[in-house]
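Residue-level listing of the chains:
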Amino acid sequence: MTSPEPFDEREARRQFVRRRQKLVFTIAVAALVIAVAFSALLILGALGKTSQKTAAQLPNYGVEVPCAPANSTYSNHPDVAVRVLNGTDKSGLGTAVMEALSNRGFSMKGSGDYPSTVEVQRTEILFGKNNITKAYTVAAQFNDAIMRMDDRSDQLVDVVIGSTFNNLNTEKSITPAGKAITSIEGCKSDVSTIKNLPKAPQHDAV
């Protein structure tokens, strides 16, 4: 019978070191793979997307808006003074919308180009603190408009047509005059809490 080979302590130590290095290397590679995958998820927005909403998903597209006064109703169209401003590069669009609103009975105060060097993306309903009810009445005609209060004090409502405008809501789908106004979700009941109001486009007093 052959006798067993003598124990080689140095060889055993080398093998132990190699096994430990292999284990450490494997763990390091696995951690790196997990870190890369996690970073990719963050970059692609797969994580946290349920806690963040785009402006298009927020009430009034994220713009602060006052609530309609208590017990207020949609106004009779002839009592609402409206001016249409074309915020796009589509010639004649402002006039077309003005004529459409006129056919619905609104008191039209003309049309023109919106004074901006940048094309407006989404239609905006501009109004002051003294004509909130009338602004809601005009906004009901549009399905993608932003209501934005500015510093005007008169009764004119400006409609700034944006590039996403396609058509007015059908008359059958609009709540008629005299019915209670449904305020926008998250609206401000105290108008004074809405700060930094933009300046109203120039116009003749109404």
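Refer to the structure presented above.
The shown structure was predicted, so the numbers you read here are calculated from the model rather than taken from an experiment.

The next point concerns the nonpolar core. Proteins that are soluble and globular tend to have nonpolar side chains buried together. In this structure, Leu101, Ile125, Val138, Phe142 and Val159 are the most contacted members of the largest nonpolar core, which totals 32 residues. If you list the elements that add at least two residues to this core, you get strand S1 (81–86), helix H2 (93–103), strand S3 (124–127), helix H3 (132–139), strand S4 (146–149) and strand S5 (157–161). Setting aside chain neighbours within four positions, we find Ile125 in contact with Ala135, Val138, Ala139, Phe142, Ala145, Ile146, Met147, Arg148, Val157, Asp158 and Val159.

Here we come to the pattern of salt bridges. A side chain of one charge can pair with a side chain of the opposite charge when the charged atoms of the two come close. Considering all chains together, one arrives at six salt bridges under this definition. With its nearest N and O atoms 3.4 Å apart, the salt bridge here joins Lys199 to Asp151. One end of the pair, Lys199, is in the segment after S5; the other, Asp151, is in the loop between S4 and S5, and 48 residues separate them in sequence. The exposed category is assigned to Lys199, whose relative accessible area is 69%.

Of the voids in this model, the largest pocket is the one considered here, and its volume is about 290 Å³. Lining the largest pocket are 17 residues, and of these Ala139, Ala140, Phe142, Met147 and Ile184 lie nearest its centre. Grouping the amino acids of the lining of the largest pocket by side-chain chemistry returns 10 nonpolar, six polar and one charged.

Another aspect to go through is the packing of aromatic side chains. Applying the stated criterion across every chain yields a total of one aromatic pair. Plain terms: the ring middles of Phe142 and Phe165 are 6.0 Å apart, the flat faces sit at 55 degrees to each other, and that makes the pair tilted. Taken together, the residues Phe142 in the loop between H3 and S4 and Phe165 in the segment after S5 connect sequence positions 23 residues apart. The burial state of Phe142 is the same as that of Phe165; both residues are buried.

Throughout the structure, instances matching the rule amount to one disulfide. Here Cys67 connects covalently by a disulfide to Cys187, the sulfurs 1.9 Å from one another. Where Cys67 bonds to Cys187 through sulfur, the torsion about that S-S bond is close to 95 degrees, and the disulfide is right-handed. Residue Cys67 is located in the loop between helix H1 (9–44) and S1, and its partner Cys187 is located in the segment after S5; the two are separated by 120 residues in the primary sequence. For the pair formed by Cys67 and Cys187, the shared burial category is buried.

We now examine H3. The element H3 is largely enclosed, with a buried count of eight among its eight residues. Turning to H3, its buried residues number three or more, namely Ile132, Thr133, Lys134, Ala135, Tyr136, Thr137, Val138 and Ala139. Where H3 is buried, its residues meet S1, S3, S4 and S5.

An order of S2-S1-S5-S3-S4 is seen for the five strands of this open sheet, with the pairing classed as mixed. Each edge of the open sheet is held by one strand with a lone partner, namely strand S2 (107–113) and S4. Here the strands of the sheet are splayed against their neighbours by 20 degrees on average, with no regard to which way each runs. For S1 and S2, the ladder comprises five bridges, and the chain directions are parallel. By the bridge assignment, Ala81 is partnered in S2 with Ser107. Against the sheet, H3 makes contact with S1, S3, S4 and S5, and its axis sits at roughly 165 degrees relative to S3, the strand it touches most.

Cut-offs applied
Residues numbered from 1 in each chain as written. Predicted model: local features only at pLDDT ≥ 70, side-chain atom pairs only at ≥ 80, totals over all residues. Heavy atoms only, no water. Core = buried A, V, L, I, M, F, W, Y, C linked by side-chain atoms within 4.5 Å. Buried < 20%, exposed > 50% of the residue type's maximum accessible area, 1.4 Å probe, protein only. Helix = DSSP H or I, 4+ residues; strand = E, 2+ residues; numbered from the N terminus. Contact = heavy atoms within 4.5 Å. Salt bridge = Lys/Arg side-chain N within 4 Å of Asp/Glu carboxyl O. 1 Å grid on protein atoms, 1.4 Å probe; cavity = no way out; pocket = protein on both sides within 12 Å on 5 of 7 lines; lining within 4 Å. Points joined across faces, edges and corners; volume = space filled by probe spheres on them. Nonpolar A, V, L, I, M, F, W, Y, C, P; charged D, E, K, R; others polar. Phe/Tyr/Trp six-rings, centres within 6.5 Å; stacked < 30°, edge-to-face > 60°. Disulfide = S-S within 2.5 Å. Pairing = 2+ DSSP bridges. Axes fitted to C-alpha atoms, helices over the stretch in contact; angles between N-to-C directions.

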